[in-house]
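# A closer look at the structure
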Amino acid sequence: MDIKLQLEGAESNLEMGSLDDRSMHEFEDESLFTPEAESEKIQRVHGLQNGSVSGDFPSSGNKILQNSVCRSIKTVVFSNKLNLLMPFGPLAIMVHNLTGHKGWVFFLSLLGITPLAERLGYATEQLTFFTGATVGGLLNATFGNATELIISIYALKSGMIRVVQLSLLGSILSNMLLVLGCAFFCGGLICCKKEQVFNKASAVVNSGLLLMAVMGLVFPAVLHYTHTEVHFGKSELALSRFSSCIMLVAYGAYLFFQLRGQTELYVPLSEDENQTGNDADHGGNHDDNEAPEISKWESLIWLAIMTAWISILSQYVVDAIEGASASWNIPISFISVILLPIVGNAAEHASAIMFAMKDKLDISLGVAIGSSTQISMFGIPFCVVIGWIMGRPMDLNFQLFETATLFITVIVVAFFLQEGTSNYFKGLMLILCYLIVAASFFVHEDPTSDDNQVKT
């Protein structure tokens, strides 16, 4: 009996020993997969995916980085047929240095800027995937107007004040009539079986801001033409600078209200919130699974590259405006109001039409009317303040003909937006209105262009 008990005890001890050995082996195995080791593994994988070069894998890291750069260039540069116009930018610089023919330099520079402006809008659109809808829309409007602002600053630096006024005015008219009209027209043709709708509250707010901008332009013009200035030649400029500061404050308050205030009521650029309800009511189908084609940092880098290249070509555009007007026998007012904004608004034009055809009319409206609001409430006052800093007498007196054109345009567009619906007929009417405006400026000779350009 004692021997049997001893044998059983020995077997139990052997089993316990084997269990202890097994547990030790398991502990040693588990220690190989500690959270620290796992995190190092994850960081190594992410580092390789992001193209970072580590000490252990220098060759593979460089290869991944090169592939990422090649993929980004292929996506941004070679994915759009409009980019075939990009070589005209360097060609314009070459023609300027070799021949100095202002007409060809201006024409080639415009062709070279057109795809850059469109790609600037593309990079901004990609960046909006990493921001909120409202912030993304504001970025779209801001970088969409970057071309006009850059050209205006160079023209202001050159003392071409009238070109600055007319190009900014033309940008507003182009966005409100041509861009919005094409968006309504194309969207109405694609969605012809139903009436497209948009956020009417947002449209009312933007219409109010545009009317405020018209007010800021009307009073200096009226003061000038009625000869009722207290100090002749000074009161008009002082009123313009004061009104510009007020308009900048109003636009800042609008941004704060849009971003931090009642965003659920006034989100003109929302891609999902506003259109979700519209889809439920009208049976629209959207591609909500869209993903960015380039990363956030790639978008920022391309934005910087496109902005710098546009800045370079803008110098040649501004220097060649007068020569192009003389060689082509076209008024400077027509070049400034019609040709320059059409090129500068290439990004807004493409984006607004694309979103309207996808039945995302709130975004189209935000791009077109939002850009007009930004130019009128920020771009024009900003140029007045910059001219003040430069010592240039940039004012808000856009002359009677131009101010009347803007006032009538704002009233017409406000009437088209008051119902909160759109169709192809409304778009056609806006496009025809723009053709009337273009014809008017083609036969309009600006009597004050020479006087304003020599001001210092």
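Bear in mind that the values here come from a model prediction, so they are computed numbers and not experimental data.

### Quick look at the pattern of salt bridges
Considering all chains together, one arrives at three salt bridges under this definition. For glutamate 298, the salt bridge is made with arginine 71, and the minimal N-O distance between the two is 3.2 Å. Taken as a pair, glutamate 298 in helix H12 (residues 296–328) and arginine 71 in helix H3 (residues 58–77) lie far apart in primary sequence, 227 residues in all. By relative accessible area, which is 11% here, glutamate 298 ends up buried. Between glutamate 419 and lysine 426 there is a salt bridge, and its shortest N-O distance comes to 3.2 Å. For lysine 426, a relative accessible area of 10% gives the class buried.

### Considerations on the environment of valine 318
By secondary structure assignment, the location of valine 318 is in helix H12. Separated by 164 residues in sequence, valine 318 and tyrosine 154 have C-alpha atoms that sit 7.0 Å apart. Not counting residues up to four positions away in its chain, the partners in contact with valine 318 are Ile151, Tyr154, Ala155, Ser158 and Met160.

### Regarding unusual backbone geometry
We note that asparagine 329 has phi near 55 degrees; this positive angle belongs to a residue other than glycine. Along the chain, the position of asparagine 329 falls in the loop between H12 and helix H13 (332–344). Positive phi, close to 75 degrees, is recorded for glutamine 399, a residue that is not glycine. Position of glutamine 399 among the secondary structure elements: in the loop between helix H15 (361–390) and helix H16 (400–417). Taking relative accessible area as the criterion, glutamine 399 reaches 9% and is therefore assigned buried.

### Observations concerning the nonpolar core
Burial of nonpolar side chains together is a common tendency in soluble globular proteins. Counting residues in each nonpolar core, the largest one holds 96 residues, and the members touching the most others are Phe106, Leu180 and Leu417. Ranked by the residues each element gives to this core, the list is headed by helix H8 (residues 161–190), at 16 residues. Leave out the neighbours within four places in its chain, and phenylalanine 106 touches Val317, Ala320, Ile321, Ala324, Trp328, Ile335 and Leu340.

### Observations regarding the packing of aromatic side chains
Taken as a whole and judged by the stated rule, the model has nine aromatic pairs. Centroid distance phenylalanine 184 to phenylalanine 198: 6.2 Å. Interplanar angle 15 degrees. Geometry classified as stacked. A residue pair is termed long-range when its members are at least 10 positions apart, and phenylalanine 184 in helix H8 and phenylalanine 198 in the loop between strand S1 (196–197) and helix H9 (200–225) qualify at 14 residues. For the pair formed by phenylalanine 184 and phenylalanine 198, the shared burial category is buried. Ring geometry for phenylalanine 401 against phenylalanine 441: centres 5.3 Å apart, planes inclined by 80 degrees, an arrangement best described as edge-to-face. You can see phenylalanine 401 sitting in helix H16 and its partner phenylalanine 441 sitting in helix H17 (residues 424–442), a full 40 residues away along the chain. Exposure remark for phenylalanine 401: the relative accessible area of 32% places this residue in the partly exposed category. Members of the aromatic cluster, joined through ring pairs, are Trp104, Phe106, Phe107 and Trp328. Above the face of the tyrosine 122 ring, arginine 119 is positioned so that its terminal group lies 4.2 Å from the ring centre.

### Some remarks on the confidence of the model for the chain
On average, residues of the chain carry a pLDDT of 78, and 76% of them reach 70 or more. Ranking the elements of the chain by mean pLDDT puts helix H11 (residues 273–282) last with 42 and H17 first with 93. Across residues 10–54, confidence stays below pLDDT 50; counting only partners more than four residues off in sequence or on other chains, it has 15 contacts. Predicted confidence for residues 450–456 stays below pLDDT 50, and this span has 16 contacts to residues more than four positions away or in other chains.

### Re the packing of H9 against H15
Contact geometry for H9 and H15: axes closest at 10 Å, N-to-C directions at 30 degrees. Taken together, the axes of H9 and H15 are roughly parallel relative to one another. Where H9 crosses over H15, the handedness of that crossing is left-handed. Along its contact with H9, which presents Ala203, Asn206, Leu209, Leu210, Met212, Ala213 and Leu217, the element H15 presents Leu365, Ile369, Gly370, Ser372, Thr373, Ser376, Met377 and Ile380.

Conventions used here
Residues numbered from 1 in each chain as written. Predicted model: local features only at pLDDT ≥ 70, side-chain atom pairs only at ≥ 80, totals over all residues. Heavy atoms only, no water. Salt bridge = Lys/Arg side-chain N within 4 Å of Asp/Glu carboxyl O. Helix = DSSP H or I, 4+ residues; strand = E, 2+ residues; numbered from the N terminus. Buried < 20%, exposed > 50% of the residue type's maximum accessible area, 1.4 Å probe, protein only. Contact = heavy atoms within 4.5 Å. Core = buried A, V, L, I, M, F, W, Y, C linked by side-chain atoms within 4.5 Å. Phe/Tyr/Trp six-rings, centres within 6.5 Å; stacked < 30°, edge-to-face > 60°. Lys NZ or Arg CZ within 6 Å of the ring centre and 35° of its normal. pLDDT = per-residue confidence, 0-100. Axes fitted to C-alpha atoms, helices over the stretch in contact; angles between N-to-C directions. Parallel < 35°, antiparallel > 145°, perpendicular 65-115°, else oblique. Left-handed = near helix turned anticlockwise from the far one by under 90°.

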